Amino acid sequence: MDFLEQADARWLWHPFTSADPADGPDPLILVGGQGEWLVDSHGRRYLDGNSSIWCNLHGHQHPRLNAALEAQVRKIAHCSFLGTGNEPASLLAQALVETLRGPSPLGFPDPIPRDSIPSRVFFSDNGSCANEIAAKMAVQFFRITGQPGRTDLVAFEGSYHGDTMLNVSLGGIGTFSEPYRALTLPCHVVPDLRALETRIAEGFQPAAIFLESALHGAGGMIPHPPGFMKRVADLAAKCGAFLVCDEVLAGFGRTGPFLGCFAEGIVPDFITLSKGLTGGYLPLAITLAPQRVFEQFAGDYYSGKLLYHGHTYTAHPLACAVALENLKIFHEEDTLGKVAALRPAFEHGLDAFRKMPGVAEVRSRGLIGAIDLVARSRRGDTARAACTAMRPHGILTRPIGNTLVIMPPYCIRPENLTRLFEGVSRAIRQVMSE
Ligand code: PMP
């Protein structure tokens with residue numbers, strides 16, 4: 001272990017990671033990155049196989065994103081957003097809404113009633129917060145408009161909306177909520193669409209229905225069946241609940257269209273964005289809310305009609321400047337075209353795993369690939385062992401349970417995509433033969 005690894009092992013506490021060093025691979029400290037590559041403290045190079053937890057789009061050290069960050073830091077790094085604004089936040093909000101509503105949408109199908117795409121931008125720092133804010137807005141809206149009892153929030157089993165307490169309550173992954181049961185809030189996690197349909201037919205009137213767009217990500221990268229999102233949207237409309245599309249993972253082209261929900265022509269009431277928003281550079285999130293909701297939040301400071309939410313670093317100028325440049329890249333460099341062009345090779349690479357011994361199932365949506373491995377032990381840790389075995393082949397990714405996640409940055413070169421799949425394949429063969 002070098003000094004950095006020792007300091008990490010001695011002082012740090014990592015998210016979603018055991019405190020027992022024997023339970024995981026050796027620590028690995030990343031010190032650099034370039035394009036689709038990451039570099040550790042020993043100078044070893046790894047392909048970024050999960051886009052640094054699903055958010056890097058154009059690669060590390062992207063010249064345009066670096067330049068935007070440097071230009072902004074020379075103006076101002078941070079100033080408060082409570083009552084004051086900042087230059088990149090204004091520009092980003094305008095650019096984002098124009099992108100979503102504008103005449104040259106980034107590859108989503110017509111006809112979409114673009115005028116109804118939510119247009120009020122509320123900033124926060126991460127995807128969990130963005131969802132929690134949508135929930136607060138929805139519930140407070142009904143309170144302000146004379147339905148204070150309309151507070152129920154709905155989400156689907158297997159969904160993940162973040163790890164703050166509201167999201168843990170809302171999320172459908174028991175492992176993440178059970179230890180905190182005493183702190184959770186009453187939410188309605190429904191097993192499937194049919195259960196929700198039945199409850200709504202019985203008169204259930206939730207405030208909001210949360211839907212992970214395109215797929216359940218942290219729940220195992222499980223794509224929704226065709227028509228599912230549309231049916232959820234129809235149900236929300238039927239019972240007058242807000243539909244919140246969580247685009248934290250699916251947004252910014254990760255599943256093909258600019259937003260995952262556009263694949264089924266849906267216009268949600270709320271849209272939450274994070275991860276790809278800054279191209280994977282800085283923590284930033286957005287809750288896009290409808291104008292008609294915003295307009296109800298008018299009153300004096302003590303009226304109970306303000307959205308009582310905001311953080312020290314809300315609308316961080318550095319993050320907003322990078323997000324704005326990211327959006328420009330989408331427009332000027334045909335990012336969605338690049339994603340579409342990568343798809344056949346990505347699919348082809350994944351296909352090779354379908355008949356591989358030890359592989360139970362292979363799924364994909366856009367540039368998200370999932371390979372379920374056959375469990376070697378009751379703990380189902382084969383995928384984790386495979387991820388450890390990938391490291392010497394220069395591949396980094398992180399499993400979900402017994403599922404390998406393959407999610408490269410959009411900038412990956414064809415030869416490195418091949419290299420990525422070869423490394424994964426070798427690692428699977430290795431753990432299966434042990
Ligand atoms: N929603 C979805 C769909 C996610 O995948 C995630 C993160 N994996 C979140 C919300 C939470 O985002 P964050 O980790 O930035 O809080």
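About the cut-offs
- Residues numbered from 1 in each chain as written.
- Predicted model: local features only at pLDDT ≥ 70, side-chain atom pairs only at ≥ 80, totals over all residues.
- Heavy atoms only, no water.
- 1 Å grid on protein atoms, 1.4 Å probe; cavity = no way out; pocket = protein on both sides within 12 Å on 5 of 7 lines; lining within 4 Å.
- Points joined across faces, edges and corners; volume = space filled by probe spheres on them.
- Helix = DSSP H or I, 4+ residues; strand = E, 2+ residues; numbered from the N terminus.
- Nonpolar A, V, L, I, M, F, W, Y, C, P; charged D, E, K, R; others polar.
- Near = heavy atom within 4 Å.
- Polar contact = N/O pair within 3.5 Å; in protein donor to acceptor, adjacent residues only side chain to side chain.
- Areas by Shrake-Rupley, 256 points an atom, 1.4 Å probe, with all protein chains shown as cover.
- Salt bridge = Lys/Arg side-chain N within 4 Å of Asp/Glu carboxyl O.
- Buried < 20%, exposed > 50% of the residue type's maximum accessible area, 1.4 Å probe, protein only.
- Contact = heavy atoms within 4.5 Å.
- Axes fitted to C-alpha atoms, helices over the stretch in contact; angles between N-to-C directions.
- Left-handed = near helix turned anticlockwise from the far one by under 90°.
- Patch = residues over 30% accessible without salt bridge, like charges linked within 9 Å, V, L, I, M, F, W, Y side chains within 5 Å.

Peer 1: Can you lay out empty space enclosed by the protein for me, pointing to particular residues and giving the numbers?
Peer 2: Tallied over the entire structure, the rule returns one cavity of 30 Å³ or more. In this structure, the largest cavity encloses a volume near 40 Å³. Together, Tyr160, Gly162, Asn167, Val168, Gly171, Ile173, Phe176 and Ser177 line the largest cavity. Elements with a minimum of two residues in the lining of the largest cavity: helix H6 (165-170) and helix H7 (174-177). Each residue belonging to the lining of the largest cavity can be placed in one class, and the counts come to four nonpolar, four polar and no charged.

Peer 1: So what about the site of the ligand? Which residues, and what values?
Peer 2: For the ligand, the set of nearby residues contains 13 residues, the closest of which are Gly127, Ser128, Glu212, Asp246 and Lys275. For the ligand, an oxygen atom lies 3.5 Å from a polar atom in the side chain of Asn126. Between the ligand and Tyr160, the relevant distance is 3.5 Å, taken from a nitrogen atom to a main-chain nitrogen or oxygen of the residue. For the ligand, whose accessible area on its own is 390 Å², the fraction buried by protein is 85%. No other element matches the three residues that helix H5 (residues 127-144) contributes to the shell around the ligand. In terms of residue class, the shell around the ligand is made up of four nonpolar, six polar and three charged.

Peer 1: Would you mind going over the pattern of salt bridges in detail, with residue names and values included?
Peer 2: Tallying each qualifying case throughout the model produces 19 salt bridges. Between Asp269 and Arg292 there is a salt bridge, with the nearest N and O atoms lying 3.9 Å from each other. A residue pair is termed long-range when its members are at least 10 positions apart, and Asp269 in the loop between strand S10 (242-246) and strand S11 (270-273) and Arg292 in helix H10 (residues 291-294) qualify at 23 residues. Residue classification places Arg292 among the partly exposed positions, given a relative accessible area of 47%. Because the salt bridges share partners, they merge into one network encompassing Arg64, Glu325, Glu332, Glu333 and Lys338.

Peer 1: Mind laying out the environment of Gly260, listing which residues take part and the relevant values?
Peer 2: For Gly260, the position within the fold is in the loop between S10 and S11. Counting along the chain gives 15 residues from Gly260 to Cys245, while the straight-line C-alpha distance between them is 8.8 Å. With near-sequence residues (within four places) excluded, Gly260 lies in contact with Ser213, Ala214, Met229, Glu247, Ala250 and Thr255.

Peer 1: Which residues make up the packing of helix H3 (residues 63-73) against helix H11 (residues 317-332), and what are the values?
Peer 2: Relative orientation of the contacting elements H3 and H11 amounts to 145°, with a least axis distance of 9 Å. Judged by the twist between their axes, the crossing of H3 over H11 is right-handed. Residues Arg64, Leu65, Ala68, Leu69, Gln72 and Val73 of H3 touch H11, and the partners they reach there are Pro317, Leu318, Ala321, Val322, Glu325, Asn326, Lys328, Ile329 and Glu332. Residue classes in the contact of H3 with H11 are distributed as nine nonpolar, two polar and four charged.

Peer 1: I'd like a description of the environment of Ala77, backed by residues and values.
Peer 2: Relative to the assigned elements, Ala77 resides in the loop between H3 and helix H4 (87-101). Of the residues examined, Ala77 reaches a relative accessible area of 31% and is grouped as partly exposed. In this structure the C-alpha to C-alpha distance between Ala77 and Gln291, which are 214 residues apart in sequence, comes to 30 Å. In this view, Ala77 contacts His316, Pro317 and Leu318; residues no more than four positions away in its chain are not counted.

Peer 1: Got a sec to walk through a nonpolar patch on the surface? Specific residues and values, please.
Peer 2: Side chains of Phe3, Leu4 and Val31 sit close together on the surface and give an oily, nonpolar patch of about 320 Å² of accessible area. Here Leu4 shows up in helix H1 (residues 3-11). Overall, Leu4 belongs to the partly exposed group, its relative accessible area being 39%.

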